[in-house]
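Structural features, examined
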Amino acid sequence: MSTDKSIPAAPASPAIEAPPSRAAVAGDLLNAIAHGTHYDPHTVLGAHVLAGQSKDGRRWASVRVLRPLAAKVELVTAAGRVPMQHEHEGIWVTVIPAPDGKAPEYFVAVTYGDTETIIDDGYRYLPTLGELDEHLIKEGRHEELWRVLGANVKEFSTGLGPVRGTAFAVWAPSAKAVRVIGDFNGWDGRGHAMRVLGSSGVWEVFVPGVESGMTYKYEILTADGSWVRKADPMARYTEVP
C-alpha cells in the first residue's frame, strides 16, 4: 500500500502526563485478532474512548493497530507523533488524549527495517453500509446490491487530508470469519479481517489505498474450521480463469 507523499512527517510531540491504564483485552481475543479469525475486529482495533476521565477532567482513548513484523509503530496526529508499544503478535497499542470524548484522527507510521511508511488505518472508519441496507439485504429486498456489496472505491475528507480506498462488502451468512486478500497485502488477509454487521450476514471492511484494478478475493472461515478462497460474486471485472 503506497504512502501518501503529501503528508509531511509530523514532529515528535512533547511527553504527555501519564494517561489512565489502557483497557485490557483478553489474551484469547488478542490472539484471534492477530490471526484474523475474529468476527468483529473493529471492537479491538482502531480507537476506542476509555470510560471515565482523569482527575483533571481529561478523556483518553486507547488505539490498537495490527502491523506484524514491524520494527516500530507510531500514531501520526495533528498534534504530533505518539509511540506505540507492541502488545501481542503484531498488535501495537497506545493511549492518546480524546478531547470532548472523541478520539482524534490519525495515520500510522510503520517502520520495517530502515524504511518508514505512513498509511491510514481502515479500522478507524464507520461501516460503509447503513442500517437500512443491512435490513433490506437480510430480507432479500435490496434492489441496488451493486451499490453496497462488492468492492467500491470511496474517498473521505479527513482532518489529515483526503483519503481514498476501497470498501469491501460480501454476504456470507454462514461464515465464522472473512478476510479480504489481494495484491495490496501479498494475499495474506490477517491484517484485513472483516466485521459482520449485526445479523445481516454482511461482512465489511474499508481498506485505504486500494484503487480500481487491483485484484482480490475473499478468504472465508467455514464451520468446519477450514479456510476457502472465493471470488467476489458482485465483482465488476474478473480475470480469465
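Our subject in this report is the structure included herewith. Computed from a prediction, not measured in an experiment: that's the story for all the values here.

Rules used throughout
Residues numbered from 1 in each chain as written. Predicted model: local features only at pLDDT ≥ 70, side-chain atom pairs only at ≥ 80, totals over all residues. Heavy atoms only, no water. Phe/Tyr/Trp six-rings, centres within 6.5 Å; stacked < 30°, edge-to-face > 60°. Helix = DSSP H or I, 4+ residues; strand = E, 2+ residues; numbered from the N terminus. Buried < 20%, exposed > 50% of the residue type's maximum accessible area, 1.4 Å probe, protein only. Lys NZ or Arg CZ within 6 Å of the ring centre and 35° of its normal. Polar contact = N/O pair within 3.5 Å; in protein donor to acceptor, adjacent residues only side chain to side chain. Contact = heavy atoms within 4.5 Å. Salt bridge = Lys/Arg side-chain N within 4 Å of Asp/Glu carboxyl O. Pairing = 2+ DSSP bridges. Axes fitted to C-alpha atoms, helices over the stretch in contact; angles between N-to-C directions.

A complete count under the given rule lists six aromatic pairs for this structure. A ring pair is formed by Y125 and F156, whose centres lie 5.3 Å apart and whose planes are at 35°; its orientation type is tilted. A residue pair is termed long-range when its members are at least 10 positions apart, and Y125 in the loop between β8 (115-119) and α2 (131-139) and F156 in strand β9 (residues 150-158) qualify at 31 residues. Assessed through its relative accessible area of 12%, Y125 is described here as buried. Residue classification places F156 among the partly exposed residues on the basis of a relative accessible area of 25%. Members of the aromatic cluster, joined through ring pairs, are F168, F184, Y216 and Y218. The side chain of R124 reaches across the aromatic face of Y106, ending 5.7 Å from its centre.

Its location among the elements puts H38 in the loop between α1 (27-34) and β1 (46-49). Accessibility expressed as a relative area gives 15% for H38, which makes it buried. Looking at H38, its side chain comes within polar contact range of the main-chain nitrogen of D40, at 2.9 Å. Here H38 is in contact with L29, A32, I33, T43, A177 and M194, once residues within four sequence places are set aside.

On to the pattern of salt bridges, then. Scanning the entire structure with this criterion turns up eleven salt bridges. Ionic pairing is found between R64 and E87, a salt bridge with its closest N-O pair at 2.8 Å. Of this pair, R64 sits in strand β2 (residues 60-66) while E87 sits in strand β5 (residues 85-88), and the two are 23 residues apart along the sequence. Looking at E87, the relative accessible area reads 22%, which means it is partly exposed. Linking E116 and R81 is a salt bridge whose minimum nitrogen-to-oxygen distance equals 2.8 Å. Here the residue E116 occupies a position in strand β8, and R81 occupies one in strand β4 (residues 80-83), the gap between them amounting to 35 residues. Look at R81 and you get buried, because its relative accessible area is 10%. Taken together, the salt bridges that share partners define one network made up of E74, R81 and E116.

Mapping R67 onto the fold places it in the loop between β2 and β3 (72-77). A relative accessible area of 12% means that R67 is categorised as buried. Considering only alpha carbons, one finds R67 and I91, 24 residues apart in sequence, at a separation of 6.2 Å. Apart from residues no more than four positions distant in its own chain, R67 is found in contact with V73, G90, W92, V108, V110, Y112, I119, D120 and D121.

So, about the sheet that holds β8. Read from one edge to the other, the open sheet built from four strands follows the order β4-β3-β7-β8, with strand pairing classed as antiparallel. A single partner strand is all that each edge strand has here, and the edge strands are β4 and β8. For this sheet, the mean inter-axis angle between neighbouring strands, taken without regard to orientation, is 25°. In this structure, strand β7 (residues 107-112) lies alongside β8, joined through five bridges in antiparallel fashion. Along β8, the bridge assignment pairs T111 with E116.

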